Amino acid sequence: MSEIKVVPYIPDEDYDNPAMVVDFYEFTMANCLFLNGFKDTTLVFDMFFRKNPDNQGYSISAGQRKLTRFLLNYHFNEQDVHWLRTKGMSEEFCEYLRNYRWKGDMYALPEGTVCYPHVQMVRIECDLVGAILIETYLLQTMNFHSLIATKATRITGLNTHTPRSVMEFGTRRAQGESAGNDGAYAAVLGGCIGTANCLAEMKYGSEVKAVGTVAHSFIEFFPTEFDAFKAFADAYPDSVSLLLDTYNIMESGLPNLIKLDDYLIEKYPDDLNRRVKSARIDSGDLARGSKRLRKALDAAGKSYIKLVASNGLDEKKIANMELYEHAHFDSYGVGENLITSASDPVFGGVYKLVAVKRPDGSYQPKMKCSDSVSKAIIPGKKMPWRLYDENGQAQCDLIAMDGEVIEAGKPVTMVNLDSDAIERIVTIVPTRVRQLLVPHILNGELAIELPSIAEKKAYIAKQLTEETWESELRIEMPHKHYVNMTPAVAECRSKMYAELHGGKV
């Protein structure tokens, strides 16, 4: 018998295959099940979350585009297979992965859909190996994009119907390069008009527009503040935006701003576009500064110069300045509190097995019970629906078994998911219904025309403006959106819980 030689794996800092963004237990499980003859078994997993960020009344589902692209290009190569051998994976499993392609189905909420706890964002139906090994990448992608898109809708004021012009300035505070790029994309979905991140525009196009002007260091470099202003204006006469607080906003920044604008008027008397467009302040009492600047600029006949604020802003600080101090800013630059969702930096999406496909084509429900009723998942292959009232607003979400048909204009009996609800069973007649999950990938092939960023932005804005109850959008003590189950789903869940755990839900 020839001697088996194990070739050690040599780490490579430049290596990058997204398919290897895997928690190791996913490989150990998949390898074990593969060796036990289950590689062709089809599993159904649901991705959902249990709590809205910051205990708000809604979330935004995002990340579907990146997840779709990942699954369509899913593969392992020689380097991956070699490393897996050194980690104890079987030779048969490694050889299987060498030629593996993802051939499953991915149903998901359209990117930008307003969503709620316990309602699936993604449903995966795939062979065992492909269903198990994508968990970490799927959760990483959907959780982060959804977190930042949700935060952005609040900072940009979409939830309070007071839209603001906000630029995403957080790349330098993001948790790494990918967070900076993905965060910029998600922030724009949530209503931001641009980002400081150049690579984001290169990746996603002009809809994720890179914006910015100068930093304090630029102004410090020149002998005087006016010299810095003039140099910038001479270089970029069509887009003059200045930073006023390097030395003293009212005593230095403002006089030099007015002097520069007068210089531009004299230099380009017939070109109204070549004027100072805006001025930004990044320190001090922003609200007071805005009022003093606005008054002074208007008095100088320069009401066309817009004011921009930055410096540790978030939705509450901006709202307080606007509501209680009547700040007069035309736009905002928001950095770390947006790109990290600093007030609640984790979107708690989970990925749970809910069904196994039997040889006859039917599905055997699966359930994680837990000793906590709130963590007992909803078993079975399911389809969520949204039911609307006569005003076109979403009354509730309804989790049904896949194949159950919910019809507008007909009574729908539902069981409230909240076990503490006073009325556990309700019947309503919806004016309109919508099946929420749509096929993105079927049998490994793209099954949807992915919308543009502009279309997704408009979709989010329309939902928050026209389709969501205002009580769910308020910042303080928002109304909890009703999430219900069909009697079939409720019965399956209750029966399985009683059998597996010895209790009822």
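Since we're looking at a predicted model, the values are computed, not measured. (Residues numbered from 1 in each chain as written. Predicted model: local features only at pLDDT ≥ 70, side-chain atom pairs only at ≥ 80, totals over all residues. Heavy atoms only, no water.)

1. Observations regarding the pattern of salt bridges
Within the structure shown, the criterion is met by 31 salt bridges. Among the ionic pairs, arginine 173 bridges to glutamate 336, the shortest N-O distance being 3.1 Å. Placement of the pair is arginine 173 in the loop between strand S6 (166-168) and helix H7 (177-189) and glutamate 336 in helix H14 (residues 336-339), with a sequence separation of 163 residues. Among the salt bridges present, the one from aspartate 402 reaches lysine 381, with a minimum N-O distance of 3.8 Å. Highlighted residues: aspartate 402 in the loop between strand S15 (394-401) and strand S16 (412-416) and lysine 381 in the loop between strand S13 (363-365) and strand S14 (382-388), separated in sequence by 21 residues. (Salt bridge = Lys/Arg side-chain N within 4 Å of Asp/Glu carboxyl O. Helix = DSSP H or I, 4+ residues; strand = E, 2+ residues; numbered from the N terminus.)

2. Here's the deal with the UniProt feature "domain: Nicotinate phosphoribosyltransferase N-terminal" (unreviewed entry) in the protein chain
UniProt's entry tags residues 21-143 with the feature "domain: Nicotinate phosphoribosyltransferase N-terminal" (unreviewed entry), counted in the numbering of this structure. Across residues 21-143, the secondary structure splits into 43% helix and 17% strand, with the terminal C-alpha atoms separated by 15 Å. (UniProt positions renumbered as here; feature names shortened; annotations may be inferred.)

3. Description of the UniProt feature "domain: Nicotinate phosphoribosyltransferase C-terminal" (unreviewed entry) in the protein chain
The residues that UniProt annotates with the feature "domain: Nicotinate phosphoribosyltransferase C-terminal" (unreviewed entry) are residues 381-491. The distance from the first to the last C-alpha atom of residues 381-491 is 14 Å, and the span holds 22% helix and 35% strand.

4. Here we look at the sheet that holds strand S11 (residues 331-334)
Reading across the sheet, the six strands line up as S7-S6-S11-S10-S9-S8 and stay open at both edges, with parallel pairing between neighbours. Only two strands of the sheet have a single neighbouring strand rather than two, namely strand S7 (194-195) and strand S8 (240-243). Docked against the sheet, helix H11 (residues 249-267) engages S8 and strand S9 (276-281), running at close to 170° with respect to S9. Each of S9 and strand S10 (306-309) is contacted by helix H12 (residues 286-299), which is oriented at about 165° to S10, the strand it contacts most. (Pairing = 2+ DSSP bridges. Contact = heavy atoms within 4.5 Å. Axes fitted to C-alpha atoms, helices over the stretch in contact; angles between N-to-C directions.)

5. A look at the pairing of S14
Here S14 lies mainly inside the structure; seven of its seven residues are buried. The side-chain alternation of S14 yields two buried faces, one formed by Lys382, Pro384, Arg386 and Tyr388 and the other by Met383, Trp385 and Leu387. Strand direction decides the pairing type here: S14 and S15, joined by seven bridges, are antiparallel. By the bridge assignment for S15, tyrosine 388 is matched with alanine 394. Linking S14 back to S15 in an antiparallel pair, the connection comprises five residues, with glycine 392 at a positive phi of about 80°. Strand direction decides the pairing type here: S14 and strand S18 (residues 432-435), joined by four bridges, are antiparallel. Looking across to S18, one finds that leucine 387 is bridged to valine 433. (Buried < 20%, exposed > 50% of the residue type's maximum accessible area, 1.4 Å probe, protein only.)

6. Describing helix H6 (residues 135-155)
Taking 1.5 Å per residue as the helical rise, H6 with its 21 residues ought to reach 30 Å, and the 30 Å between its terminal C-alpha atoms agrees with that figure. Taking burial as the measure, the 21 residues of H6 include 20 buried ones, the bulk of the element. Taken from the residues just after H6, glycine 157 is the one with a positive phi, measuring 80°. (Expected span 1.5 Å × (residues − 1).)

7. Points about the environment of valine 415
Checked against the element boundaries, valine 415 lands in strand S16. The spatial distance from the C-alpha of valine 415 to the C-alpha of tyrosine 482 is 10 Å, given a sequence separation of 67 residues. Setting aside chain neighbours within four positions, we find valine 415 in contact with Arg424, Ile425, Asn484, Met485, Pro487 and Ala490.

8. A look at the sheet that holds S14
Read from one edge to the other, the open sheet built from six strands follows the order S17-S16-S21-S15-S14-S18, with strand pairing classed as mixed. The sheet terminates laterally at strand S17 (425-428) and S18, the two strands that pair on one side only. Ignoring strand direction, the axes of neighbouring strands in this sheet form an average angle of 35°. The pairing of S16 with S17 spans four bridges and is antiparallel. Residue pairing for S17: valine 412 is matched across the bridge by isoleucine 428.

9. Considerations on the nonpolar core
Trp102, Val122, Ile124 and Leu138 are the most contacted members of the largest nonpolar core, which totals 144 residues. The dominant element in this core, judged by the number of residues it contributes, is H6, at ten residues. Counting residues domain by domain, this core receives three or more from each of domain 1 (36-151 + 345-500) and domain 2 (213-308). Excluding residues that lie within four positions of it along the chain, leucine 138 makes contacts with Met47, Leu67, Val122, Ile124 and Tyr351. (Core = buried A, V, L, I, M, F, W, Y, C linked by side-chain atoms within 4.5 Å. Domains from an automatic or database assignment.)

10. Looking at the environment of methionine 167
Within the secondary structure, methionine 167 sits in strand S6. For the pair methionine 167 and isoleucine 453, spaced 286 residues apart in the sequence, the C-alpha separation amounts to 16 Å. Not counting residues up to four positions away in its chain, the partners in contact with methionine 167 are Ile193, Gly194, Val211, Val308, Ser331, Tyr332, Gly333 and Val334.

11. Some thoughts on the domain arrangement of the protein chain
In terms of domains, the protein chain is made up of domain 1 (36-151 + 345-500) and domain 2 (213-308). For domain 1 versus domain 2, the distance between C-alpha centres works out to 49 Å.

12. Re empty space enclosed by the protein
Taking a probe equal in size to a water molecule and rolling it over the atoms shows the remaining empty space. Under the counting rule described, the total for this entry stands at one cavity of 30 Å³ or more. Of the volumes computed, that of the largest cavity is approximately 40 Å³. Lining the largest cavity are Val114, Tyr116, Arg386, Ala394, Gln463, Glu467 and Thr468. (1 Å grid on protein atoms, 1.4 Å probe; cavity = no way out; pocket = protein on both sides within 12 Å on 5 of 7 lines; lining within 4 Å. Points joined across faces, edges and corners; volume = space filled by probe spheres on them.)

13. Some details on the pairing of strand S12 (residues 350-357)
Relative to S12, strand S1 (residues 42-48) runs antiparallel, the two being bridged by six bridges. Counterpart to valine 44 in the pairing with S12 is alanine 355. Where S12 meets S13, three bridges bridge the pair, whose relative direction is antiparallel. Directly across from alanine 355, in S13, lies its bridge partner proline 365. The turn linking S12 back onto S13 is made up of five residues, and glycine 361 within it adopts a positive phi angle of 95°.

14. Regarding unusual backbone geometry
With a phi close to 45°, serine 341 is a non-glycine residue in the positive phi region. Serine 341 gets classed as buried once you look at its relative accessible area, which sits at 1%. With phi around 45°, methionine 477 is a residue other than glycine that occupies positive phi space. Along the chain, the position of methionine 477 falls in the loop between helix H16 (470-473) and strand S21 (482-485). The exposure class of methionine 477 is exposed, given its relative accessible area of 72%.

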